[in-house]
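# Remarks on the overall topology
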Amino acid sequence: MHTLWVREHNRVCDQLAAQHPEWTDEWLYAAARRILVGQMMGIMINDVLNVGGNRWPSKHDSAARWAAGDRPSTTPLEMLLTMMMPSGGAGAHTGFENAKAGSTSFHRDSSRLLDSDISDTVKLMVDQPMGAMSNNNGSAETEPLTKVLMKLSRENSVQSFNRYRTHLGLHAYGSFYELTGNREVARRLESLYENVDNVELLVGMFAEKTSDNSVPTFTVMMNSYIVNSIVTNPLYTKTMWNSDTFGGDYGFSLVKSASIRTFICNNLQDECDNNELIVDLYTK
């Protein structure tokens, strides 16, 4: 993703340079940087979070867009714990077709990135389970960090999984089986916690069942963090969300027209018609 955004930054710089040949490199860099931040916010709101089902506003209207009570809140500690939570391990990944024989993961093997193009790399990152907060998606390699995060959460009295679900406006699970959808996992959790309301935040994140009909708690929490980050960004203020901030009308148009599709088409042209990749790139 970093490589794709670097490509987008350079592409925007080239377009701004064509529009404003009198600008210095520093001006181009600064304007492109602000434009990319605006594009990221627009993509997250419109395509990933889809808040309100409306396009990113051309004018600041925080009162209408974020009514009282609509701003979910999670503290930095909880986000630190969940974002650092490790997942995946050796043997948990799919590989490139031209990967070295016997090589089963990215772990200690960067040759896949060097031997393959950026399109194959992005596809692999989207398809592999590593990074997904899901049941049994761990290994001996991730266990040490998991223990550190569990210890940190207990030392800081992080509330239970069900308490956070309630805080986020979600239904609190009434049983271990309702939480996990797996009787064996439910039995093991019950032997440790006795009551489902005692299940810790990180344990609940990993044990929670996956379903096409529900959004994982981890996703809801992450989305609330993203929303808070966007609406508290200085660029979102009434005095900043205008063409002057983004280098003029042309730069502002690049911000307002940004989407996952344009992002992919502009930087991975051979994948422009790959609708599945475009959707999965940010949602997985």
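Residues numbered from 1 in each chain as written. Predicted model: local features only at pLDDT ≥ 70, side-chain atom pairs only at ≥ 80, totals over all residues. Heavy atoms only, no water.

- The name an unreviewed UniProt entry assigns to the protein chain is Prostaglandin G/H synthase 2-like, from the organism Sipha flava.

### A few points about the overall build of the protein chain
- A count of helical and extended segments in the protein chain gives 15 helices and 0 strands.
- Out of the 284 residues in the protein chain, the part that is buried amounts to 43%.
- Across the protein chain, every contact between residues at least 6 apart in sequence was considered, and the portion connecting residues at least 24 apart equals 64%.
- If you sum the accessible surface of the protein chain, you get close to 15700 Å²; carbon and sulfur atoms cover 52% of it. (Helix = DSSP H or I, 4+ residues; strand = E, 2+ residues; numbered from the N terminus. Buried < 20%, exposed > 50% of the residue type's maximum accessible area, 1.4 Å probe, protein only. Contact = heavy atoms within 4.5 Å. Areas by Shrake-Rupley, 256 points an atom, 1.4 Å probe, with all protein chains shown as cover.)

### Details of the pattern of salt bridges
- Enumeration according to the criterion identifies 5 salt bridges in this entry.
- For Glu8, the salt bridge goes to Arg11, with nearest N and O atoms at 2.8 Å. Placement of the pair is Glu8 and Arg11 together in helix H1 (residues 2-19), with a separation of 3 residues, close to one helical turn.
- Given the relative accessible area of 2%, Glu8 is considered buried.
- Given the relative accessible area of 19%, Arg11 is considered buried. (Salt bridge = Lys/Arg side-chain N within 4 Å of Asp/Glu carboxyl O.)

### As for the environment of Arg34
- With respect to the helices, strands and loops of the structure, Arg34 is situated in helix H2 (residues 25-49).
- For the pair formed by Arg34 and Phe252, sequence separation is 218 residues and the distance between their alpha carbons is 9.8 Å.
- What Arg34 contacts, discounting residues up to four positions off in sequence, is Leu235, Thr245 and Phe246.

### Details of unusual backbone geometry
- With a phi angle near 55°, Ser157 is a residue other than glycine that sits in the positive phi range.
- By the secondary structure assignment, Ser157 is in the loop between helix H7 (143-155) and helix H8 (161-167).

### Some thoughts on the confidence of the model for the protein chain
- Across the protein chain, pLDDT averages 75, with 61% of residues at or above 70.
- When pLDDT is averaged over each helix and strand of the protein chain, the minimum, 44, is found for helix H3 (residues 62-65) and the maximum, 95, for helix H10 (residues 183-193).
- Contacts of residues 51-75 to residues separated by more than four positions or lying in other chains number 50 contacts, the stretch itself having pLDDT below 50.
- Taken as a whole, residues 89-104 scores under 50 in pLDDT and shows 35 contacts with residues more than four places along the chain or in a different chain. (pLDDT = per-residue confidence, 0-100.)

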